[in-house]
Amino acid sequence: MSTILQQILDRRSVMAFLPEAINDNDIKTIINAAMLSPSAYNEQPWFFFVANRKNESQFARVLGALAPANQEWAKNAGALIICAFRKYSSKTGKENPYAMHDLGLATSFLLLQAQALGYVSHAMAGFDAVAMGEVLDIDDNLGLASVVAIGRHGDIEKLSEQNRQRELSMRSRKDFAEVAKIL
């Protein structure tokens, strides 16, 4: 078997972050990497809202729309990136059935670029979409898919016992035969 990229091997969803803002250049690099991902018909339906902790009021508003269990640890992230997708094609005006798939690809590029820059991350679906939509003042064309916490790795001893155990647990993945079949 060929070698898997080290960033893929090292990437984990962590919960221990240092409460330090991420510099603007790194944020731009991370988002630019996401923008380079492929998309159906080159539609590029993704949109990213970045709540960097240096803007404390916006960071707090986004944090407040997360599920309480996620707020517990995400409060220390350097930035919270809300990953959204345009529901309708800019070319045809019709619903884009590939938009969320394309956003998923872009998000994976985002996670790997953050990892390559020395950051850790945690993508989450636990948020109140209505509250987040109000925080972001979005229109009906945007769908919200996930929020990604990004930052420098922090002290796991500051996590709750349950979250500490989750972070220290072995990475588990299904067996190849459970997820793939070579035809």
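Residues numbered from 1 in each chain as written. Predicted model: local features only at pLDDT ≥ 70, side-chain atom pairs only at ≥ 80, totals over all residues. Heavy atoms only, no water.

Asker: Could you give an account of the pattern of salt bridges, naming the residues involved and the relevant values?
Answerer: All chains considered together, the criterion is met by three salt bridges. Put simply, Asp 24 and Lys 54 hold a salt bridge, and the shortest N to O gap is 2.5 Å. With Asp 24 in helix H2 (residues 24-35) and Lys 54 in the loop between strand E1 (46-52) and helix H3 (56-64), the pair connects residues that are 30 residues apart, well separated along the chain. Taking relative accessible area as the criterion, Lys 54 reaches 53% and is therefore assigned exposed. Between Glu 157 and Arg 164 there is a salt bridge whose closest N-O contact spans 3.8 Å. Glu 157 gets classed as exposed once you look at its relative accessible area, which sits at 53%. You can call Arg 164 buried: its relative accessible area is 15%. (Salt bridge = Lys/Arg side-chain N within 4 Å of Asp/Glu carboxyl O. Helix = DSSP H or I, 4+ residues; strand = E, 2+ residues; numbered from the N terminus. Buried < 20%, exposed > 50% of the residue type's maximum accessible area, 1.4 Å probe, protein only.)

Asker: Now, about a nonpolar patch on the surface: what can you tell me, with residues and values included?
Answerer: Taken together, the side chains of Met 1, Ile 4, Leu 5, Ile 8 and Leu 9 make up a nonpolar region of the molecular surface, amounting to roughly 560 Å² of accessible area. Judged by relative accessible area, which is 97%, Met 1 ranks as exposed. (Patch = residues over 30% accessible without salt bridge, like charges linked within 9 Å, V, L, I, M, F, W, Y side chains within 5 Å. Areas by Shrake-Rupley, 256 points an atom, 1.4 Å probe, with all protein chains shown as cover.)

Asker: Give me the side chain of His 122: which residues, what numbers.
Answerer: Following the sequence through the fold, His 122 ends up in strand E3 (residues 120-124). Owing to a relative accessible area of 8%, His 122 belongs among the buried residues under this scheme. One polar contact links the side chain of His 122 to the main-chain carbonyl oxygen of Val 14, over a distance of 2.9 Å. When near neighbours in sequence (up to four residues on either side) are disregarded, His 122 contacts Ser 13, Val 14, Met 15, Phe 17, Trp 73, Val 147, Val 148, Ala 149 and Arg 166. (Polar contact = N/O pair within 3.5 Å; in protein donor to acceptor, adjacent residues only side chain to side chain. Contact = heavy atoms within 4.5 Å.)

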